[in-house]
Every structure is written in structure tokens, then in C-alpha cells.
Amino acid sequence: MKAIVNVDKNWGIGLGDALINHIPADMKFFREKTTGNVVVMGRSTFLTFPGPKALPNRVNIVLTTDKNWSVPDVIVCHSLEELEAELEKYDTDTVYVIGGMSVYNQLVPLCDTAYITKVETAKPADKFFPDLDADASWEVTEEGEEQDHNGVKFRFLTYKKK
């Protein structure tokens, strides 16, 4: 299983119910990695999508404790055990954890790869991704060239579990 996320230099990912960074190249990278695969997210993350409706050309799985919540074209799981049973149907290399903070905190320890778009500045944030640089069990295995979007410097990094 893999995680994919855009973080600032403090590993911030969101403020309120919004992402803190909007970079077209990052959105393109996200689409390229996840299209044709399985995406796992929390309900709050799903509700930020346009519509809100399922991401096209992907199996959408939402982890929520709300037993009454359902949406067309979305598989809903109400516990980690239920999610694990659902994920047994798929090749783990096709599963991407896409947020939010609670889901990342629960599932990143089960991931073997993390695709991180790292922005070099800090922004106000109240949602964070686990700091993989501070976790000795993770290492950077690929580091892309620095890029710039409207003065925001960022790069694509691949972390692998040791």
C-alpha cells in the first residue's frame, strides 16, 4: 500500500477542510499515480471533492464511523477491520491512501511507499501528515528536481519503508 500527499515544510496538509497547497503539477502527479487504482480516504476528504462524487476511473473507498453514510460509486468501510477485509480484494501495489490526517495516521504505518510533494515553505495548518524525515523506518529513495509554481518551490519525493 502507498500513501500520496502534498505537505509543507512542517508536514502540514490542511487547514480546516481545505488543502493548504494547490499546485497543478501536483494534481497531475496525483491523477497519474491514482487513475486506474484504488484510493482510500476518510469521509471529510471525500466531501472536499467536487460534487462531492467519486474520483473517476478509480475504486473509491471511504473509511467512516457514520453507519448511515453512503454515496454512489463509493465502497464504505466502518472500521479498520472492515477496510482490511475489503483491501484483500486488490493488489496492495494498486492501493493509495489519500487522506485526511486521521486516515493517514492509521494507515501510513501499513504502507511501504509514500509519494510526497514537498513544498519548501510553511503555511498555517491544523492537519498534518506523519513526519517521515523524523521516522528512522523511512528513507528517501527518489528526489525530483526543484520546481516552482507562482513562487512556491516544491519537489516530488519518494519514501520507502526500510
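Use the structure listed above.
Residues numbered from 1 in each chain as written. Predicted model: local features only at pLDDT ≥ 70, side-chain atom pairs only at ≥ 80, totals over all residues. Heavy atoms only, no water.

Description of the packing of aromatic side chains
For the structure shown, the criterion picks out nine aromatic pairs. Ring geometry for Tyr96 against Tyr115: centres 6.3 Å apart, planes inclined by 25°, an arrangement best described as stacked. Of this pair, Tyr96 sits in strand E7 (residues 95–99) while Tyr115 sits in strand E8 (residues 113–119), placing them 19 residues apart in sequence. Overall, Tyr96 belongs to the buried group, its relative accessible area being 5%. With 4.7 Å between their ring centres and 75° between their planes, Tyr104 and Phe129 make a pair best called edge-to-face. Highlighted residues: Tyr104 in helix H4 (residues 101–107) and Phe129 in the loop between strand E9 (127–128) and strand E10 (138–143), separated in sequence by 25 residues. The pair Tyr104 / Phe129 is uniform in exposure class, with both members buried. Chaining the aromatic ring pairs together yields one cluster made of Phe29, Tyr96, Tyr115, Phe154 and Phe156. (Phe/Tyr/Trp six-rings, centres within 6.5 Å; stacked < 30°, edge-to-face > 60°. Helix = DSSP H or I, 4+ residues; strand = E, 2+ residues; numbered from the N terminus. Buried < 20%, exposed > 50% of the residue type's maximum accessible area, 1.4 Å probe, protein only.)

Thoughts on the environment of Gly144
Along the chain, the position of Gly144 falls in the loop between E10 and strand E11 (147–149). In this structure the C-alpha to C-alpha distance between Gly144 and Phe156, which are twelve residues apart in sequence, comes to 5.1 Å. Excluding residues that lie within four positions of it along the chain, Gly144 makes contacts with Arg155 and Phe156. (Contact = heavy atoms within 4.5 Å.)

Observations regarding the pairing of strand E4 (residues 38–42)
Of all the five residues making up E4, five are buried; the element is thus mostly covered by neighbouring parts of the structure. The alternating pattern of E4 places Val38, Val40 and Gly42 and Val39 and Met41 on opposite faces, both of which are buried. Here E4 runs beside strand E5 (residues 59–63); their pairing, made up of five bridges, is parallel. Its bridge partner being in E5, Val38 is matched across the sheet by Val59. Relative to E7, E4 runs parallel, the two sharing four bridges. (Pairing = 2+ DSSP bridges.)

Brief notes about the layout of surface pockets
Empty space within the largest pocket amounts to approximately 1,000 Å³. Lining of the largest pocket is provided by 40 residues; of these, Leu19, Thr45, Thr48, Ile98 and Gly99 occupy positions nearest its centre. Breaking the lining of the largest pocket down by element, the ones donating at least two residues are strand E1 (2–7), strand E2 (12–15), strand E3 (18–19), helix H1 (24–34), helix H2 (43–46), E7 and H4. Its residues placed into classes, the lining of the largest pocket shows 17 nonpolar, 17 polar and six charged. (1 Å grid on protein atoms, 1.4 Å probe; cavity = no way out; pocket = protein on both sides within 12 Å on 5 of 7 lines; lining within 4 Å. Points joined across faces, edges and corners; volume = space filled by probe spheres on them. Nonpolar A, V, L, I, M, F, W, Y, C, P; charged D, E, K, R; others polar.)

What to know about unusual backbone geometry
Following Gly51, the chain continues into Pro52 via a peptide bond in cis, with omega recorded as -20°. Looking at where Pro52 falls in the secondary structure, it is placed in the loop between H2 and E5. Gly99 connects to Gly100 through a cis peptide bond whose omega is 0°. Mapped onto the secondary structure, Gly100 falls in the loop between E7 and H4. Phi is positive for Asp73, which is not a glycine, with a value near 65°. Within the secondary structure layout, Asp73 lies in the loop between E5 and strand E6 (74–77). Using a relative accessible area of 68% as the deciding quantity, one classes Asp73 as exposed. Of note, the phi angle at Asn150 is positive, near 50°, even though the residue is not glycine. Relative to the helices and strands, Asn150 is located in the loop between E11 and strand E12 (152–161). Assessed through its relative accessible area of 71%, Asn150 is described here as exposed.

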